[in-house]
Amino acid sequence: MMKNLLWLMGIIAVSPPLQSQQATRQAIELTRNMANELLKTSHMPGISVAISQKGKIVFAEGFGFADIANNIPVTKTTEFRTASVAKIMTATALGKLVQDRKLNLDLPIQEYVPGFPVKEFPITARQLAGHLSGLPHYSGSNKIENRVYSSVQDALSVFSHESLLSKPETKYRYSTHGFTLLSAVMEGASGRNYLDMMNDQVFKPLKMNHTEPDRRTQKPNHKAAKLYTVENGVQKEVKAPEEVSYKWAGGGLLTTPTNLIHLANGYFNGFLRPDIVKMMFESQTLTSGEKTQVGIGWRISQDIDGRRVIEHAGSMQGARSVVCIYPDEQLVISMMVNAEWPSTIEETAHLLARPFLAPKRPKPFSTGDFIISTVSVNGRGKETVAKATLKLSDR
């Protein structure tokens, strides 16, 4: 993957500054060329990319195949598994409930889900949305069954018996189960089941017409891309897809990059008030005072030029996805793939968006020792953090 990133950076480095309509055409061509080359070097079966500027879609194209065996190409309406990008879709609905004064982020969750077992410490919706509740992620003691879960309440049985791994707000612990519980909280607050609530309160208002639950194990879905694995450059179709009804809110939906753009633009166009957006984009804090760089679902980051980026990525069987918001530039990019891909997909998306961003002034060269960390996510959503010291010198 590093080779792919270096190649993309090389293309951008020799590109002239872009201005006006001609600049937009050049940016489109450059991004298209990078996506095509990325498809070749990564051996991914299909890639879909969409970009918007100030609420207007300026790029939306598919590359490669949604179905290799039948030569069906990826188009801008091909649906992909969201993987964990479903979490920011859920977070958006959560923000709407807070805005409508239907949900208090800081009340114990039993106010909305009275049947959920009381744990060692109280848990709140804010903690669930920021992965600070102490709830476990996937583990050997989960009770995930290979069946269709009839409801969110039914899905709670997967993990409701488990103890907290830490006191809330003392550690950041990524948890997809936490978002299943969060969706139960949202059901209690709204009086609607999760999927109906999402459809009526988020998908329809934001014109996300190609977004739905992934029910491919129950019935064929010809709008959705086939799922693949890629080993040593060889693409193999997943013949027995995972049933995902136990985790709709945390990783069980289908959508397109264009629909994710519509979702992200809801943070600019008044769908969510500025004060709600500000709250959702602010990092939560541990009791130690350490910032987690995660707000209400969203992750706070920056690109290679130091621009602020609010984003979320996902990885699971047959899927890799990301949506990135540049709030100061009001630019959004989303990228989706129909295979597991051990990639730094956030940085890849940043580079594909870079032709549409105004050049940044070079910063003075920094010297000294800097602690850096990288986060990798496997197909089951497990995060691995690696830390190192970066030494920079002007010699």
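Sequence order as written defines the numbering, with residues in each chain counted from 1. Under the rules for a predicted model, residues below a pLDDT of 70 receive no local features and side-chain atom pairs below 80 are neither given nor counted, while totals for whole chains, interfaces and linings still include all residues. Note that the side-chain values use all heavy atoms of the structure and ignore hydrogens as well as water.

### Considerations on the overall build of the protein chain
And then number 1: Where helices and strands are cited, they refer to DSSP runs of H or I of at least four residues and of E of at least two residues respectively, numbered from the N terminus. Along its length, the protein chain carries eleven helices and 14 strands.
And then number 2: Contact criterion: two residues are considered in contact whenever any of their non-hydrogen atoms come within 4.5 Å of each other. Sequence-distant contacts in the protein chain: of pairs separated by 6 or more residues, those separated by 24 or more amount to 67%.
And then number 3: Methods summary: accessible areas were calculated by the Shrake-Rupley approach with a probe of 1.4 Å, and residue burial reflects only the protein chains presented. With the model as given, the accessible surface of the protein chain reaches about 18,100 Å², and the carbon-plus-sulfur share is 51%.

### Here's the deal with the side chain of Thr-92
And then number 1: With respect to the helices and strands, Thr-92 occurs in helix α3 (residues 86-99).
And then number 2: Thr-92 gets classed as buried once you look at its relative accessible area, which sits at 0%.
And then number 3: Not counting residues up to four positions away in its chain, the partners in contact with Thr-92 are Leu-263, Tyr-267, Phe-271, Leu-272 and Met-280. The rule is simple: take the accessible area with a 1.4 Å probe, protein chains only, and divide by the maximum for that residue type; under 20% is buried, over 50% is exposed, in between is partly exposed.

### Focus on empty space enclosed by the protein
If a probe the size of a water molecule is rolled over the atoms, the empty space left behind becomes visible.
And then number 1: Here a cavity denotes grid points, spaced 1 Å and computed from the protein atoms alone, that fit a 1.4 Å probe unable to get out, and a pocket denotes an open set having protein on both sides within 12 Å along at least 5 of 7 lines; residues with an atom within 4 Å of a point are the lining. Grid points are joined across faces, edges and corners, and a volume is the space filled by probe spheres set on the points. Under the definition given, this model contains two cavities of 30 Å³ or more.
And then number 2: As a volume, the second largest cavity reaches approximately 30 Å³.
And then number 3: If you trace the second largest cavity, you find it lined by Ser-151, Val-152, Ala-155, Thr-180, Ser-183, Ser-245, Lys-247, Trp-248 and Ala-249.
And then number 4: Within the residue set of the lining of the second largest cavity, elements represented by two or more residues are α5 (152-155), α6 (176-190) and α8 (248-251).
And then number 5: In this classification, the charged set is Asp, Glu, Lys and Arg, the nonpolar set is Ala, Val, Leu, Ile, Met, Phe, Trp, Tyr, Cys and Pro, and all remaining amino acids, among them Gly, are polar. Here the lining of the second largest cavity is composed, by residue class, of four nonpolar, four polar and one charged.

### Quick notes on α3
And then number 1: Expected helix span is taken as 1.5 Å per residue step, with the number of steps being one fewer than the number of residues. With 14 residues, α3 should reach 20 Å at 1.5 Å per residue; the first-to-last C-alpha distance of 20 Å fits that figure.
And then number 2: Counting buried residues in α3 gives 14 out of 14 residues, a clear majority hidden from the surface.
And then number 3: Just downstream of α3, Arg-101 is the residue with a positive phi angle, here 60 degrees.

### Some points on the sheet that holds strand β5 (residues 212-213)
And then number 1: Paired strands, as defined in this entry, are two strands with at least two bridges between them according to DSSP. Strand order in the open sheet formed by three strands is β4-β8-β5, with antiparallel pairing between adjacent strands. The open sheet has two edge strands, β4 (80-81) and β5, and neither has a second partner.
And then number 2: One ladder, built from two bridges, connects β4 with strand β8 (residues 253-255); its direction is antiparallel. By the bridge assignment for β8, Phe-80 is matched with Thr-255.

### Here's the deal with the pairing of strand β2 (residues 56-67)
When a strand is regular, its side chains alternate between the sheet's two faces.
And then number 1: Of the strand pairs in this sheet, strand β1 (residues 46-53) and β2 are connected by eight bridges, and their pairing is antiparallel. Bridge pairing in β2 places Val-49 opposite Glu-61.
And then number 2: Counted between consecutive antiparallel strands, the loop separating β1 from β2 contains two residues, among which Lys-54 sits at a positive phi close to 50 degrees.
And then number 3: For β2 and strand β3 (residues 72-73), the ladder comprises two bridges, and the chain directions are antiparallel. Residue pairing across strands places Phe-65 opposite Pro-73, the latter belonging to β3.

### Focus on the nonpolar core
And then number 1: Note on terminology: a nonpolar core comprises buried Ala, Val, Leu, Ile, Met, Phe, Trp, Tyr and Cys residues joined through side-chain atoms within 4.5 Å. Ranked by internal contacts, the top residues of the largest apolar core, which has 76 residues, are Met-89, Leu-103, Tyr-194, Met-280 and Trp-298.
And then number 2: Judged by nonpolar contacts, the second largest core, of 31 residues, contains Ala-27, Ile-47, Val-49 and Ala-353.

### Considerations on the sheet that holds β3
Backbone-to-backbone hydrogen bonds join strands into a sheet, with any given pair of strands oriented parallel or antiparallel.
And then number 1: On the basis of which strands lie adjacent, the open sheet formed by seven strands has the order β3-β2-β1-β12-β11-β10-β9 and antiparallel pairing. Edge positions in the sheet fall to β3 and β9 (299-302), since each of these pairs with one other strand and no more.
And then number 2: Contacts between helix α9 (residues 257-265) and the sheet are confined to β1, β2, β11 (319-326) and β12 (331-337), with β12 contributing the most and set at about 145 degrees to the helix. In this analysis, axes come from line fits to C-alpha atoms, helices being fitted only over the stretch in contact, and the angle between any two N-to-C directions falls in the range 0 to 180 degrees.

### Considerations on the packing of aromatic side chains
And then number 1: Two aromatic rings from Phe, Tyr or Trp, using only the six-membered ring of Trp, form a pair when their centres are within 6.5 Å; if the ring planes differ by under 30 degrees the pair is stacked, by over 60 it is edge-to-face, and anything between is tilted. One pass over the structure, following the stated rule, counts six aromatic pairs.
And then number 2: When the centroid spacing of 5.9 Å and the interplanar angle of 80 degrees are considered together, the rings of Phe-281 and Trp-298 count as edge-to-face. Of this pair, Phe-281 sits in the loop between α10 (274-280) and β9 while Trp-298 is found in the loop between α10 and β9, placing the two residues 17 residues apart along the sequence.
And then number 3: Look at Trp-298 and you get buried, because its relative accessible area is 0%.
And then number 4: Linked through ring pairs, Tyr-138, Tyr-149 and Tyr-246 together constitute an aromatic cluster.
And then number 5: Across from the ring centre of Phe-179, 6.0 Å away, lies the NZ or CZ of Lys-87, which sits over that ring. Comment: the charge-over-ring label is applied if NZ (Lys) or CZ (Arg) is within 6 Å of the ring centre and within 35 degrees of the ring normal.

### A few points about the pairing of β1
And then number 1: Across the eight residues that make up β1, a large majority, seven, are buried.
And then number 2: Of the strand pairs in this sheet, β1 and β12 are connected by seven bridges, and their pairing is antiparallel. Across the sheet, residue Ser-52 finds its bridge partner in β12, namely Val-332.

### Details of the packing of α3 against α6
And then number 1: Remark: α3 packs on α6, axes separated minimally by 11 Å, with the N-to-C direction vectors making an angle of 30 degrees. Relative to α6, the element α3 is oriented roughly parallel. Judged by the sense of rotation from one axis to the other, the crossing of α3 with α6 is left-handed. Between α3, through Lys-87, Thr-90, Ala-93, Leu-94 and Leu-97, and α6, the contact on the second element is made entirely by Thr-176, Phe-179, Leu-182, Met-186 and Ser-190.
And then number 2: Of the residues belonging to the contact of α3 with α6, the class tally is six nonpolar, three polar and one charged. Should an angle lie under 35 degrees it is considered roughly parallel, over 145 roughly antiparallel, and from 65 to 115 roughly perpendicular; all remaining angles are considered oblique. Two helices crossing with the near one rotated counterclockwise from the far one by less than a right angle form a left-handed crossing, whereas a clockwise rotation gives a right-handed crossing.

### So, the pattern of salt bridges
And then number 1: Any carboxyl oxygen of Asp or Glu that lies within 4 Å of a side-chain nitrogen of Lys or Arg is treated as forming a salt bridge with it. Enumeration over the complete set of coordinates arrives at 20 salt bridges.
And then number 2: Between Arg-354 and Asp-305 there is a salt bridge; the shortest N-O distance is 2.7 Å. Placement of Arg-354 in the loop between α11 (345-353) and β13 (368-377) and of Asp-305 in the loop between β9 and β10 (308-316) is noted, with a sequence separation of 49 residues between them.

### Considering the confidence of the model for the protein chain
And then number 1: Model confidence for the protein chain is summarised by a mean pLDDT of 91, while 86% of its residues fall at 70 or above.
And then number 2: The pLDDT score gives, residue by residue, the confidence of the prediction method on a 0 to 100 scale. Below pLDDT 50 for its whole length, residues 11-19 participates in twelve contacts with residues either more than four positions away or in separate chains.

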